[in-house]
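Listed below are the residues making up each chain.
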Amino acid sequence: MNAVLRTVLQRLGLGILTLFVVSIIIFSTIEMLPGDFAKAILGQSATPETVAAFQREIGLDQPAPIRYLNWIGGVLQGDFGNSFASAGALGGGQARTVLSLVAPRLANTLFLAGMAAIIAVPLALVLGMLAALYRNSLFDRIVNLTTLTSISVPEFFVAYILMLFLAVKFPIFYSLANVSPDTPFMERLARCALPAMTLVLVIVAHMMRMTRAAIINLLASPYIEMARLKGLSPSRIIHHHALPNAWAPIANVIALNLAYLIVGVVVVEVVFVYPGIGQLMVDAVSSRDIPVVQACALIFAVAYILLNLLADIASIVTNPRLLHPR
Amino acid sequence: MTNAPDTNPVRPEEALLAEAVPVPQQRSAWETAWRELRRAPLSAQFGLVVILCYVVLGLFAPLIAPFTENELVGSQYEPWSDQFVFGTDQLGRDMLSRLIYGARNTVGIAFFTTIIAFMIGGSLGVLASILGGWADQVLGRAVDVLMAIPLLIFALVLLSIFGTSVINLVLIIAVLDSTRVFRLSRAVSMNVVVMDFVEAARLQGEGLTWIMTREILPNILPPMVAEFGLRFCFVFLTVSALSFLGLGIQPPAADWGSMVRENATLINYGDITPLLPAGAIALLTVAVNFVVDWFLHKTSGLKE
């Protein structure tokens, strides 16, 4: 058990270090801004005074390390600073905090991603294992061809095809997923059906192929062959020999694909006009609202790193070699 | 630095053999390629034909397309007709012509981006494997950190900083994608660096460039070529996704991703026109994947 604990702690330390470095990278993007950036944000008519005031507002008059500490301190307390979108009205109007923009949308995105994950993960694992067990059968070949095709297709293609057939030609679902905070739960589910279905289709294909490859890899290993030669029953081989070693690759597959969900969600939200964090980020990038971009990127990156960390830890604590050291 | 005769890459016994037995005339590279193609599975042949079509369309777009890229030829959203095969878009430009020009813009940009990514990632990866030690460590850790952020998200952050333009797009995606190339080229060339002939070249006093290009590169080529196909698909899909989001290739250039976005409203009227550019993207990626699948199967089969 000691070895497990030590390895887990090592991984955790490495994960925290990665988070720290990534936060520095995202913070330092603001350092890379071109010099005329304030003008671009405030418009050509900006006077030198407003430019100076703006630069003071985003703290450019302080050295970078101090600004980083202020920023990360704020972030840890949920304060991401003010949106640039209000900077035009500097001196006058009320500045909107990034948090007030991000928080409600983050909940929406988590809802959509969670819905997709709950459907996709069991489906992909079962299909992947079936394809591995009956490999080279007709079922396996059909599945292989369809998944290869669907991972090669852009998300928005899948999304629009679903929209065309399931919302326009046969109006079964809503074509737009424009939910508001007071939408009742059941209607919210119905409105999210198409975006969730798109995400499910895209990640099931990935996840299935990876599950299939992992299981085939496992079944080809010498100790499985040994068990088979000993004359053990197939169910005993699966339960006692294959499964304990299969958790690690399966955990990896799940985490990798949930991380993939993070990227897919950006495009899908834009297609279905779903008020999530991905759409917010895209809007912020086109208006160059850097604090909002930083906040969104940080959220996505943290989710991504945590998922990978989780997979690492899951594969460590289920590793039979570490659990039963000689 | 002089080339001593005994460091000739042909091993002595082979040289003797070649003198003793008259070798039948070797097939030319074209003949071998043709034979392999005839034997390739149907999916790979289909893929190659599709890729060839795209290349021809892209190269000869002005000759093939009925109208030019940005010519206003009709009113907005005209339906499919004899004059406009796929109708017109939101400004009244011919859809078919823009689809054909899109082969040039979208595929061309993705192709160049992948090439730059391979030049950066490939050379750094081989370099890291040769140098080893701290250079390898520094490069490896830097790549780890860059890969800790999802590529599309990182690209969005950088685009918001540097602004959206084609040059920025190409450079940002190339640099971010080169991390994946680095991983592979380093891993593959690690196996080659320890070989005797690399040691011999080192002892002979060959420079770094020689070892990289003459000793290692030819030996890591097959996996790198297959990876090129896969990376191209990934870059192509990323560029298309960014263009679709309005942050990639900018109007008025004809580009498949932005064409989907611009004509998306037609979907609500049951018109499949916006699916055409999306389908064009999908078809090319599927085709490349088929070819890569076959190529990987072949190169791994030869090693067994």
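Residues numbered from 1 in each chain as written. Chains lettered and ligands numbered in written order. Predicted model: local features only at pLDDT ≥ 70, side-chain atom pairs only at ≥ 80, totals over all residues.

A look at the overall build of chain B
And then number 1: Summing up its helical and strand segments, chain B has 12 helices and zero strands in all.
And then number 2: For chain B, the succession of helices and strands along the chain, N to C, is α-α-α-α-α-α-α-α-α-α-α-α. (Helix = DSSP H or I, 4+ residues; strand = E, 2+ residues; numbered from the N terminus.)

Considerations on the overall build of chain A
And then number 1: From N to C terminus, chain A includes 14 helices and zero strands.
And then number 2: Tracing chain A from N to C terminus, the helices and strands come up as α-α-α-α-α-α-α-α-α-α-α-α-α-α.
And then number 3: Counting across all 326 residues of chain A, residues that qualify as buried make up 34%.
And then number 4: For chain A, the share of sequence-separated contacts (at least 6 apart) that also reach a separation of at least 24 residues comes to 72%. (Buried ≥ 20, exposed ≤ 12 C-beta atoms within 10 Å, placed from the backbone. Contact = placed C-beta atoms within 7 Å.)

Looking at the confidence of the model for chain A
Residue and element names in this part refer to chain A.
And then number 1: The predicted model of chain A averages 82 in pLDDT, with 90% of residues at 70 or higher.
And then number 2: Highest mean pLDDT in chain A belongs to helix α10 (residues 222-230) (89); lowest belongs to helix α2 (residues 37-42) (66).
And then number 3: Within the model, the stretch residues 88-92 combines pLDDT values under 50 with six contacts to residues more than four positions away or in other chains. (pLDDT = per-residue confidence, 0-100.)

Notes on the packing of helix α11 (residues 234-271) of chain A against helix α12 (residues 277-286) of chain A
Residue and element names in this part refer to chain A.
And then number 1: Following both chains from N to C, one finds α11 and α12 inclined at 85 degrees, their axes separated by 7 Å at the closest point. By the angle between their axes, α11 is roughly perpendicular relative to α12. Residues Val 265, Val 266, Glu 269 and Val 270 of α11 form the contact with α12, whose participating residues are Gly 278, Gln 279, Met 281 and Val 282.
And then number 2: Looking at side-chain class alone, the contact of α11 with α12 contains five nonpolar, two polar and one charged residues. (Axes fitted to C-alpha atoms, helices over the stretch in contact; angles between N-to-C directions. Parallel < 35°, antiparallel > 145°, perpendicular 65-115°, else oblique. Nonpolar A, V, L, I, M, F, W, Y, C, P; charged D, E, K, R; others polar.)

Examining unusual backbone geometry
Residue and element names in this part refer to chain A.
And then number 1: Even without a glycine there, the phi angle at Val 273 is positive, about 50 degrees.
And then number 2: Here Val 273 lies in the loop between α11 and α12.
And then number 3: A tally of 14 C-beta atoms within 10 Å means that Val 273 is categorised as partly exposed.

Looking at the confidence of the model for chain B
Any segment with low pLDDT has predicted coordinates that should not be analysed in fine detail.
Residues and elements named next belong to chain B.
And then number 1: Confidence in the prediction of chain B, expressed as mean pLDDT, is 84, and 90% of residues score 70 or more.
And then number 2: Contacts for the low-pLDDT stretch residues 1-8, under 50 throughout, to residues beyond four places or in other chains number three contacts.
And then number 3: Listed scores for the predicted complex are pTM 0.84 and ipTM 0.83.

Looking at the interface of chain A and chain B
And then number 1: If you look at the interface, chain A gives 41 residues, while chain B gives 33 residues.
And then number 2: Among the elements of the structure, α1 (2-28), α6 (138-151), α7 (155-169), α11, α12 and α13 (290-317) of chain A are those that each provide at least two residues to the side of chain A that touches chain B.
And then number 3: Counting residues per element, the side of chain A that touches chain B draws most heavily on α7(A), which supplies eight residues.
And then number 4: When grouped by side-chain class, the residues that make up the side of chain A that touches chain B number 33 nonpolar, six polar and two charged.

A closer look at the packing of α7(A) against helix α9 (residues 193-219) of chain A
Packed helices, taken two at a time, are described by the angle between their axes plus the distance between the axes.
Residues and elements named next belong to chain A.
And then number 1: Between α7 and α9, whose axes approach to 9 Å, the crossing angle comes to 135 degrees. In terms of orientation, α7 and α9 fall into the oblique class. Here the hand of the crossing between α7 and α9 comes out right-handed. Across the interface between the two elements, Glu 155, Val 158, Ala 159, Leu 162, Met 163, Leu 166 and Ala 167 of α7 pack against Leu 194, Met 197, Thr 198, Leu 201 and Val 202 of α9. (Left-handed = near helix turned anticlockwise from the far one by under 90°.)

Quick word on the nonpolar core
And then number 1: Among the nonpolar cores identified, the biggest contains 150 residues, and Tyr160(A), Met281(A), Val293(A), Cys296(A), Ile153(B), Ala155(B) and Leu156(B) are the most heavily contacted of them.
And then number 2: Among the elements that take part in this core, helix α5 (residues 95-131) of chain B stands out by supplying 15 residues, more than any other.
And then number 3: Residues in contact with Cys296(A), not counting those within four places in the same chain, are Val102(A), Ile277(A), Leu280(A), Met281(A) and Ala284(A). (Core = buried A, V, L, I, M, F, W, Y, C linked by C-beta atoms within 7 Å.)

Considering the environment of Ala117(A)
Residue and element names in this part refer to chain A.
And then number 1: Inspection of the secondary structure assignment puts Ala 117 in helix α5 (residues 98-133).
And then number 2: For Ala 117, a count of 18 C-beta atoms within 10 Å puts it in the partly exposed group.
And then number 3: Separated by 87 residues in the primary sequence, Ala 117 and Val 204 have C-alpha atoms spaced 9.4 Å apart.
And then number 4: Residue contacts for Ala 117: discarding those within four places in its chain leaves Leu 258 and Leu 261.

Some words on the environment of Leu166(A)
Residues and elements named next belong to chain A.
And then number 1: By secondary structure assignment, the location of Leu 166 is in helix α7.
And then number 2: The exposure class of Leu 166 is partly exposed, given the 17 C-beta atoms found within 10 Å.
And then number 3: Each C-alpha atom, one on Leu 166 and one on Leu 194, is 8.2 Å from the other, the two residues being 28 residues apart in sequence.
And then number 4: Beyond its immediate stretch of four places on either side in the chain, Leu 166 contacts Ile 172, Phe 173 and Leu 194.

A word on helix α8 (residues 166-193) of chain B
Owing to its 3.6 residues per turn, the α-helix brings residues three or four apart onto one side.
And then number 1: For α8(B), which comprises 28 residues, the first-to-last C-alpha distance of 38 Å matches the rise-based estimate of 40 Å (1.5 Å per residue) to within 8%.
And then number 2: If you look at α8(B), its biggest bend is around 30 degrees, right at Thr179(B). (Expected span 1.5 Å × (residues − 1). Bend = angle between axes of the 7 residues up to and from the residue.)

Concerning the environment of Leu322(A)
Residue and element names in this part refer to chain A.
And then number 1: Assignment of secondary structure puts Leu 322 in helix α14 (residues 320-323).
And then number 2: Counting along the chain gives 318 residues from Leu 322 to Val 4, while the straight-line C-alpha distance between them is 6.0 Å.
And then number 3: Leaving out residues up to four positions away in the same chain, Leu 322 has contacts with Ala 3, Val 4, Thr 7 and Ile 316.

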